[in-house]
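Chain by chain, the residues:
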Amino acid sequence: MRAMIQGLAVLAVFAAVPAAAQDMPPRPPMMQDGTLLEITAEGHSTRVPDVAIIEAGVTTQAPTAADALAQNNAQMNKVIAALKASGVADRDIQTSTISLQPQYRNVADGQPQVIFAYMASNSVSVRFRDVSKAGSILDLLVKQGANTISGPNLTLSKPEEALNEARVDAVAQARARAELYAKAAGLRVDRILSISDGSPSRVYPMAERFAMADKSVPVQAGEQQISATVTMRFLLK
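Every value quoted in this text rests on a predicted model; they were computed, and no experiment measured them.

About the cut-offs
- Residues numbered from 1 in each chain as written.
- Predicted model: local features only at pLDDT ≥ 70, side-chain atom pairs only at ≥ 80, totals over all residues.
- Heavy atoms only, no water.
- Core = buried A, V, L, I, M, F, W, Y, C linked by side-chain atoms within 4.5 Å.
- Buried < 20%, exposed > 50% of the residue type's maximum accessible area, 1.4 Å probe, protein only.
- Helix = DSSP H or I, 4+ residues; strand = E, 2+ residues; numbered from the N terminus.
- Contact = heavy atoms within 4.5 Å.
- Pairing = 2+ DSSP bridges.
- Salt bridge = Lys/Arg side-chain N within 4 Å of Asp/Glu carboxyl O.

Asks: Quick question: what am I supposed to make of the nonpolar core here?
Replies: Most often, soluble globular proteins keep nonpolar side chains buried together rather than apart. Grouped together as the largest cluster of nonpolar side chains are 19 residues, with contacts concentrated most on Ile54, Val79, Leu83, Val88, Val126, Phe128 and Leu141. At the level of elements, β2 (51-62), α2 (65-85), β4 (114-128) and α3 (134-143) are the ones that each hand at least two residues to this core. Non-local contacts of Val79, meaning those with residues more than four positions away in its chain, are made with Val58, Leu141, Gln144, Gly145 and Ala146. Core analysis: the second largest hydrophobic core is formed by 12 residues, Leu37, Ala174, Ala182 and Met232 among them.

Pasting the structure below:
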């Protein structure tokens, strides 16, 4: 009878092992015999920007809020109409800011502030899909009453192809460095263990600030650099 009880106890212990094992976290995979090398590399590609984005607007001031806003609306409508007449599509014109602010007169300390006028402003973000026309359109905007202009920001309409080129370059840079380290250490690259894609970054060059003159505003597209980062792990033997 005692032998039977002992046998049952042993069986109970073995039966409990799988259940307990299920609660244990999985073991990390065993590293193969070799040296682990991790490299983070950055790849690049360049493109000529084909899109220019500017902020153009109108700021007006009048003794009353209603007059300031009315003058601003009339002037801004001329600016928008000029943009459309020059070939800028509706989808490339987007209102970015509208504001109406009181203007206060400086008074002696302790005296209440006095409103002497109101300032209204309205600006739009304009996308030029033909960068070569940006200068002439800027001239037109000013002639039609735009008195606040900033930009242009030069970018790409389709950056994905350039990003993919930068990613391929990043992988090539990482592999080249892995080969360099392996050779210096008297080893060889056995294989790639992992690849981690980093967040791509784009550099938006700014054209030189324009100065109003008799001729069109000069806008130089230059080149835009696209960057991508990759982290790779190599097994060296």
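From this point on, the discussion continues.
Asks: Any chance you could explain the pairing of β2 here in plain terms?
Replies: Working note: regular strand, side chains alternate between the two faces of the sheet. Inspection of the sheet shows β2 paired to strand β5 (residues 148-155) by 6 bridges, in the antiparallel sense. By the bridge assignment, Glu55 is partnered in β5 with Ser150. Here β2 pairs with β4 via 11 bridges, running antiparallel. Bridging from a neighbouring strand, Val58 pairs with Asn122 of β4.

Asks: Any chance you could explain the pattern of salt bridges here in plain terms?
Replies: For side chains of opposite charge, pairing can occur when their charged atoms come near one another. In the structure shown here, the tally under the stated rule is 9 salt bridges. A salt bridge links Arg129 to Asp92; the shortest N-O distance between them is 2.9 Å. With Arg129 in the loop between β4 and α3 and Asp92 in the loop between α2 and β3 (93-105), the pair connects residues that are 37 residues apart, well separated along the chain. With relative accessibility at 40%, the residue Arg129 sits in the partly exposed group. By relative accessible area, which is 6% here, Asp92 ends up buried. Several salt bridges converge on common partners, so that one network encompasses Arg47, Glu161 and Glu165.

That's the geometry; what it means functionally is another story.
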